[in-house]
Amino acid sequence: MSSHRIGGAQLLVIAKEPVPGKVKTRLTPPCTPREAAALAGAALEDTLRTVARVPVARRVIALDGAPGPWLPAGFTVVPQRGGGLDERLAAAFDDAHKLSPIPIVLIGMDTPQLSAGLLADAASLLGSHDAVFGPATDGGFWLLGLRAPDPDLLLGVPMSEPTTGEIQLKRLTEAGMSVACLPCLTDVDTMADAVEVAALAPRSRFAVALAGTAVRS
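Below is a summary of the structure that appears in this document. Everything numeric in this text was worked out from a predicted model, so none of it was measured.

As for the sheet that holds strand β7 (residues 179-181)
Strand order in the open sheet formed by 7 strands is β3-β2-β1-β4-β6-β5-β7, with mixed pairing between adjacent strands. The open sheet terminates on both sides in strands that have one partner only, identified here as β3 (76-79) and β7. Taken over all neighbouring pairs, the strand axes of this sheet differ in orientation by 20° on average, direction set aside. For strand β4 (residues 104-107) and strand β6 (residues 141-146), the ladder comprises 4 bridges, and the chain directions are antiparallel. Note that in β6 the partner of isoleucine 104 across the bridge is leucine 146. Helix α2 (residues 33-52) contacts β1 (10-16), β2 (58-64) and β4 of the sheet and is inclined by roughly 170° relative to β1.

Right under this line is the structure:
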C-alpha cells in the first residue's frame, strides 16, 4: 500500500447532526427518538474517530446541522447543499474538491464498524483507479471514491432504493471509469441492522449505546 497515495487523498463524511426526531427515524419504534439520536451520535463519533486515524491530506464533514462535541479536531466543516440525497452528495464532492483538488473518498455515518485500514485501502486505490465503490447489503452503497468528481455521476441516481448501488455503479462504468470495489458492509437503518453491526464492533461507542437502550433484540 502506498502511503504517498493515501496522503494525496481526502476523506469526506456526509452526516446529520444527531437531533432526536431527525435522525434514524426508522429505529422508532422500537427506540424512542432520543435513543435513536443517541445511536446516530455514537455511530457518527465512531466514524469520525476512525477517519481521524487515516493519514490523508484533508478530512471534511458535509454537515446538515451544527457541529457538536462529537466532532474531533482536524475536520473542515462545510454545510450540506441541495435537495435530494443525490444533489447533496454531488454538492459535497464539489465543495470538498474546491477546498482541495485531490481525490475524494466519501462515506456516511451509518457504518460504525468500518476500519481505518479499509478507508486507507480506498484512498490508495484512487492512485490507480478513477473510482472506488463500496456496496451495502441493502442495495445501496456505503463508500464512493472519485479521483475527479463530476456532478453528472450522481445527479438523478435514485437514492435509498434496493437498486441504488447497482445504478450508481453502472453510472460510473458507463462513464468509462475504472472502478475498484470494496467489501460489502451493512448500513444501520433498522434495528436488525443495529444488532448486526454492534456484534461486528462490540467495543464501539455504537455497541455501547445500543446496549444502553431499553430495546432488547
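Read on for the rest.
What about the pattern of salt bridges?
Per the stated rule, a full pass over the model turns up 9 salt bridges. Aspartate 94 is the partner of lysine 98 in a salt bridge, and the nearest nitrogen-oxygen pair spans 3.2 Å. Highlighted residues: lysine 98 and aspartate 94, both in helix α3 (residues 85-99), separated by 4 residues, approximately one helical turn. Its salt-bridge partner being lysine 170, residue glutamate 174 comes within 3.9 Å of it at the nearest N-O pair. Of this pair, glutamate 174 and lysine 170 are both found in helix α5 (residues 164-174), 4 residues apart, which corresponds to roughly one turn of the helix. Three or more residues joined by partner-sharing salt bridges are found here, namely Glu45, Asp46, Arg49 and Arg205.

Observations concerning the pairing of strand β5 (residues 131-135)
Along β5, 4 of the 5 residues are buried, which leaves the element largely enclosed by surrounding structure. Alignment of β5 against β6, held across 5 bridges, turns out to be antiparallel. Residue pairing in the sheet places valine 132 in a bridge with glycine 145 of β6. Between β5 and β6, which follow one another and run antiparallel, lie 5 residues, and glycine 139 among them has a positive phi close to 100°. When β5 meets β7, the two strands line up parallel, connected through 3 bridges. Paired with alanine 131 across the bridge in β7 is valine 179.

Section: α5
Every buried residue of α5 is accounted for by Thr164, Gly165, Gln168 and Leu172. Taken end-on, α5 shows its buried residues confined to a sector of 95°, consistent with a single buried face. Exposed positions of α5 whose direction lies more than 90 degrees from the buried face are Glu166 and Glu174. Each element contacted by the buried residues of α5 is listed here: β5, β6 and β7. Note on α5: the residue one or two positions beyond its end, glycine 176, has a positive phi of about 80°.

Cut-off values and rules
Residues numbered from 1 in each chain as written. Predicted model: local features only at pLDDT ≥ 70, side-chain atom pairs only at ≥ 80, totals over all residues. Heavy atoms only, no water. Pairing = 2+ DSSP bridges. Helix = DSSP H or I, 4+ residues; strand = E, 2+ residues; numbered from the N terminus. Axes fitted to C-alpha atoms, helices over the stretch in contact; angles between N-to-C directions. Contact = heavy atoms within 4.5 Å. Salt bridge = Lys/Arg side-chain N within 4 Å of Asp/Glu carboxyl O. Buried < 20%, exposed > 50% of the residue type's maximum accessible area, 1.4 Å probe, protein only. Arc of directions from axis to C-beta.

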